[in-house]
There are 4 protein chains.
Amino acid sequence: MSKITTTTRLLLRPLTTRPIIPSTPRHFTTTLPKMSPSTLPTPASCYADFCLIPIGTPTPSVAKEVASVQSLIRDSGIKHTMHSAGTTLEGSWDDVFRVIGQAHSLVHQSGIVRVQTSLRVGTRTDKKQTAEEKVKRVEDILAAGQQ
Amino acid sequence: MSKITTTTRLLLRPLTTRPIIPSTPRHFTTTLPKMSPSTLPTPASCYADFCLIPIGTPTPSVAKEVASVQSLIRDSGIKHTMHSAGTTLEGSWDDVFRVIGQAHSLVHQSGIVRVQTSLRVGTRTDKKQTAEEKVKRVEDILAAGQQ
Amino acid sequence: MSKITTTTRLLLRPLTTRPIIPSTPRHFTTTLPKMSPSTLPTPASCYADFCLIPIGTPTPSVAKEVASVQSLIRDSGIKHTMHSAGTTLEGSWDDVFRVIGQAHSLVHQSGIVRVQTSLRVGTRTDKKQTAEEKVKRVEDILAAGQQ
Amino acid sequence: MSKITTTTRLLLRPLTTRPIIPSTPRHFTTTLPKMSPSTLPTPASCYADFCLIPIGTPTPSVAKEVASVQSLIRDSGIKHTMHSAGTTLEGSWDDVFRVIGQAHSLVHQSGIVRVQTSLRVGTRTDKKQTAEEKVKRVEDILAAGQQ
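Because the structure is a prediction, the values reported are computed rather than measured.

## Some points on the overall build of chain A
- Counting secondary structure elements, chain A contains four helices and four strands.
- Ordering the α and β elements of chain A from the N terminus gives α-β-α-β-β-α-β-α.
- Counting every position in chain A, which comprises 147 residues, the buried fraction comes to 57%.
- Looking at chain A alone, contacts between residues at least 24 apart form 63% of all its contacts between residues at least 6 apart.
- Element-wise, carbon and sulfur atoms account for 58% of the exposed surface of chain A, whose accessible area totals about 6200 Å².

## Points about the packing of helix 2 (residues 63-76) of chain D against helix 3 (residues 93-109) of chain D
Residue and element names in this part refer to chain D.
- One can describe the packing of helix 2 onto helix 3 by two numbers: an axis separation of 10 Å at closest approach and a directional angle of 140 degrees. Classified by the interaxial angle, the pair formed by helix 2 and helix 3 is oblique. As for how helix 2 packs across helix 3, the hand of that crossing is right-handed. Every residue of helix 3 that contacts helix 2 at Glu65, Ser68, Val69, Leu72, Ile73 and Ser76 is listed here: Val99, Gln102, Ala103, Leu106 and Val107.
- Across the contact of helix 2 with helix 3, the residue classes tally to seven nonpolar, three polar and one charged.

## Observations regarding the packing of aromatic side chains
- The final tally for this structure, using the stated rule, is six aromatic pairs over all chains.
- With a centroid separation of 4.5 Å and an interplanar angle of 40 degrees, the aromatic rings of A:Trp93 and A:Phe97 are classed as tilted. Of this pair, A:Trp93 and A:Phe97 both sit in helix 3 (residues 93-109), separated by four residues, roughly a single helical turn. Each member of the pair, A:Trp93 together with A:Phe97, is buried.
- Residues C:Phe97 and D:Phe97 carry aromatic rings whose centres are separated by 4.6 Å and whose planes lie at 15 degrees to one another, so their mutual orientation is stacked. Highlighted residues: C:Phe97 in helix 3 (residues 93-109) and D:Phe97 in helix 3, drawn from two different chains.
- The exposure class assigned to D:Phe97 is buried, which follows from its relative accessible area of 2%.
- Feature note: the residues A:Trp93, A:Phe97, B:Trp93 and B:Phe97 constitute an aromatic cluster, connected by ring pairs.
- Across from the ring centre of B:Tyr47, 3.5 Å away, lies the NZ or CZ of B:Lys134, which sits over that ring.

## Some details on the sheet that holds strand 2 (residues 79-83) of chain A
- Strand order across the open sheet formed by eight strands is 2(A)-3(A)-1(A)-4(A)-6(B)-3(B)-5(B)-4(B), with antiparallel pairing between neighbours. Edge positions in the sheet fall to strand 2 of chain A together with strand 4 (79-83) of chain B, since each of these pairs with one other strand and no more. Mean inter-strand twist for the sheet, computed between neighbouring axes without regard to direction, equals 20 degrees.
- Where strand 1 (residues 46-55) of chain A lies against strand 3 (residues 86-91) of chain A, five bridges are found, and the strand directions are antiparallel. The partner of A:Ala48 across the bridge, within strand 3 of chain A, is A:Leu89.

## With respect to the sheet that holds strand 2 (residues 79-83) of chain C
- Here we have eight strands laid out as an open sheet, ordered 2(C)-3(C)-1(C)-4(C)-4(D)-1(D)-3(D)-2(D), and antiparallel in their pairing. Of all the strands in the sheet, just strand 2 of chain C together with strand 2 (79-83) of chain D have a single pairing partner and so form its edges. Adjacent strand axes in the sheet meet at a mean angle of 20 degrees, parallel and antiparallel pairs treated alike.

## So, the pairing of strand 3 (residues 86-91) of chain C
All names here are of chain C.
- Of all six residues in strand 3, five are buried; the element is thus mostly enclosed.
- When strand 2 meets strand 3, the two strands line up antiparallel, connected through five bridges. Pairing of His83 across the sheet is with Gly86, part of strand 3.
- With antiparallel pairing between neighbouring strands as the criterion, strand 2 and strand 3 make up a hairpin whose turn holds two residues.

## Comments concerning helix 2 (residues 63-76) of chain A
All names here are of chain A.
- Look at helix 2: 20 Å from first C-alpha to last across 14 residues, which is about the 20 Å you get at 1.5 Å a residue.
- Taken as a whole, helix 2 has its buried residues at Ala63, Glu65, Ala67, Ser68, Val69, Gln70, Ser71, Leu72 and Ile73.
- Positive backbone phi, at 80 degrees, marks Gly77, one or two positions downstream of helix 2.

## Focus: the state of the cysteines
- By the definition in use, this model includes zero disulfides over all chains.
- You can see A:Cys51 has no disulfide; the closest cysteine sulfur is in D:Cys51, sitting 12 Å from it.
- Free of any disulfide, B:Cys46 has its nearest neighbouring cysteine sulfur in D:Cys51, separated by 14 Å.

## Some thoughts on the environment of D:Gly56
Residues and elements named next belong to chain D.
- Counting through the fold element by element, Gly56 comes out in the loop between strand 1 (46-55) and helix 2.
- Judged by its relative accessible area of 5%, Gly56 falls in the buried class.
- Considered as a pair, Gly56 and Glu133 are 77 residues apart in the sequence and their alpha carbons are 38 Å apart.

## Concerning helix 3 of chain C
- In this model, helix 3 of chain C (17 residues) spans 24 Å end to end at C-alpha, consistent with the 24 Å of a helix rising 1.5 Å per residue.
- Of all 17 residues making up helix 3 of chain C, 13 are buried, and the element is well covered by its neighbours.

## Some words on the confidence of the model for chain A
All names here are of chain A.
- Averaged over every residue, the pLDDT of chain A is 77; residues scoring 70 or more account for 73%.
- Segment residues 1-30 is flagged for pLDDT under 50; beyond a separation of four residues in sequence, or across chains, it makes 51 contacts in the model.
- Taken together, the chains of this predicted complex give a pTM of 0.76 and an interface ipTM of 0.73.

## Details of the pattern of salt bridges
Residues and elements named next belong to chain D.
- Evaluated as defined, the whole model comprises 28 salt bridges over all chains.
- A salt bridge links Glu90 to Lys79; the shortest N-O distance between them is 3.2 Å. Residue Glu90 is found in strand 3 (residues 86-91), and its partner Lys79 is found in strand 2; the two are separated by eleven residues along the sequence.

## A word on the packing of helix 3 of chain C against helix 3 of chain D
- Running from N to C, helix 3 of chain C and helix 3 of chain D point in directions that differ by 150 degrees, and their axes come no closer than 10 Å. Here helix 3 of chain C is positioned roughly antiparallel relative to helix 3 of chain D, judged by the angle of their axes. Helix 3 of chain C and helix 3 of chain D meet at a crossing whose hand is right-handed. Within the contact between the two elements, helix 3 of chain C uses C:Trp93, C:Phe97, C:Ile100, C:Gly101 and C:His104 and helix 3 of chain D uses D:Trp93, D:Phe97, D:Ile100, D:Gly101 and D:His104.

## Quick look at the pairing of strand 1 of chain A
All names here are of chain A.
- Most of strand 1 is tucked away, with ten of its ten residues classed as buried.
- Because side chains alternate across strand 1, one face comprises the buried residues Cys46, Ala48, Phe50, Leu52 and Pro54, and the other comprises Tyr47, Asp49, Cys51, Ile53 and Ile55, equally buried.
- Two strands pair when backbone bridges link them, and strand 1 and strand 4 (residues 114-124) are joined in this way by nine bridges, in the antiparallel orientation. Looking at the pairing, Asp49 lines up with Arg120 of strand 4.

What counts and what doesn't
Residues numbered from 1 in each chain as written. Chains lettered and ligands numbered in written order. Predicted model: local features only at pLDDT ≥ 70, side-chain atom pairs only at ≥ 80, totals over all residues. Heavy atoms only, no water. Helix = DSSP H or I, 4+ residues; strand = E, 2+ residues; numbered from the N terminus. Buried < 20%, exposed > 50% of the residue type's maximum accessible area, 1.4 Å probe, protein only. Contact = heavy atoms within 4.5 Å. Areas by Shrake-Rupley, 256 points an atom, 1.4 Å probe, with all protein chains shown as cover. Axes fitted to C-alpha atoms, helices over the stretch in contact; angles between N-to-C directions. Parallel < 35°, antiparallel > 145°, perpendicular 65-115°, else oblique. Left-handed = near helix turned anticlockwise from the far one by under 90°. Nonpolar A, V, L, I, M, F, W, Y, C, P; charged D, E, K, R; others polar. Phe/Tyr/Trp six-rings, centres within 6.5 Å; stacked < 30°, edge-to-face > 60°. Lys NZ or Arg CZ within 6 Å of the ring centre and 35° of its normal. Pairing = 2+ DSSP bridges. Expected span 1.5 Å × (residues − 1). Disulfide = S-S within 2.5 Å. pLDDT = per-residue confidence, 0-100. Salt bridge = Lys/Arg side-chain N within 4 Å of Asp/Glu carboxyl O.

Pasting the structure below:
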């Protein structure tokens with residue numbers, strides 16, 4: 001899975017002074033490659049589940065702000081699923097985090113001076129798996145166990 | 001509290017067709033402004049506390065990956081503080097999320113096919129407050145209570 | 001982090017020396033009440049959205065572990081909703097966190113030595129609102145805006 | 001690594017109908033054990049990093065609430081470290097989540113009707129590692145890489 005050639009790997013200053021063991025199982029290097037941050041890309045795809053909270057609102061209800069953010073996301077064209085505890089986005093890293101940043105700006109523009117978002121974001125390089133497929137995979141295992 | 005002037009507010013297409021009630025307490029609009037996502041900026045500054053987890057690693061220790069990510073962050077020039085449960089970054093929204101995305105890419109390049117990050121990110125428009133100031137503010141309140 | 005000596009701790013006075021102003025708007029006290037932790041109850045109800053990650057698994061797929069945890073939750077009788085980025089539980093604080101703790105134990109028992117969970121948990125005292133009602137409330141606001 | 005004996009394993013109803021392959025690497029079972037939730041313990045130790053947010057506060061500053069929660073935690077006797085983006089607790093699962101639940105109750109008692117906490121919690125069964133040791137381990141790797 002590693003995209004690093006042996007040549008490149010040798011050119012990188014290792015994090016530890018221990019020699020790189022060539023027979024590391026499953027192509028894990030004993031040290032991670034070091035590259036200049038400016039050349040590293042952000043992931044081409046990710047999923048991010050987030051929950052945005054306006055702080056210092058006059059009432060405890062934040063449904064209006066959530067609706068506004070949902071509207072922004074819908075207009076962005078990014079694949080999204082709202083659930084009771086957040087919204088899951090699927091798209092490129094840059095698109096996903098641009099729209100979440102814009103969501104903060106949108107809520108600030110309505111007069112709320114402080115916004116906090118809790119999120120979990122995942123990336124994988126071995127396969128593409130949609131949100132639906134992830135849920136179905138677990139449900140299939142559960143169903144098989146009940147036979 | 002609202003930074004939106006009446007003039008600006010009228011130019012924004014409201015989310016609902018209900019009229020904006022001018023006597024809303026503390027100048028919160030009854031609906032949030034709607035703008036095209038392409039024109040909304042991401043926040044100029046934010047803090048983000050994140051914890052990156054490589055999934056499917058041969059051993060339960062992830063210190064090497066964490067060290068590699070720390071090295072990436074240090075090289076990025078973004079202000080950062082490592083603690084036992086994550087790392088806090090302070091910078092522009094775009095800079096902060098670019099480097100976290102690059103951290104995912106870096107770990108993927110070492111052969112780990114799946115990476116998940118848990119994070120909380122905050123933005124505020126009323127004042128600048130560094131990480132140190134936030135901690136000091138709480139400690140001051142605690143100290144005052146002990147006099 | 002704590003700089004408090006045992007002696008100082010015993011001398012703790014209230015957080016501020018200012019008197020509680022009775023006319024504080026909306027019943028906010030200027031200082032928070034201080035009670036012995038042993039007498040404070042945990043919340044009678046909460047919702048918690050969590051995502052459990054086994055660390056150090058031989059493969060990047062964690063669907064089997066997620067299925068096992070789903071099975072545990074189902075057997076617990078706690079109201080739950082699985083989505084692509086986690087599972088939302090609704091119940092008393094103690095019940096919800098007992099089952100999440102048991103989920104960690106369950107995964108450990110299968111031989112995985114390290115487990116991390118990312119979660120967001122909310123409590124409110126003004127009203128009961130189910131997961132379905134929260135989503136519907138936002139959808140209603142969105143629908144109203146499209147008329 | 002697995003604590004499950006072969007005998008016990010066979011007595012557990014497997015989640016899938018596929019046979020358990022005895023030569024699974026590193027003693028991972030192909031299916032997780034299924035036990036009644038009532039008999040499963042919660043973990044004896046964990047670390048939890050959390051950030052509590054009061055919602056619907058009159059001002060965007062939440063330092064007073066954070067200070068009050070810090071005071072509660074200090075009185076609980078649980079090992080804790082405050083940083084700019086949260087507080088890390090170390091203790092038994094039950095102790096840690098009891099005090100976080102009590103923190104919600106404490107903030108509610110001050111008149112705030114809605115509280116949300118974002119947290120990440122980790123457990124491991126292979127070794128004890130304090131917060132300080134985790135940070136030191138990463139710093140040692142970084143230092144070794146700079147020689």
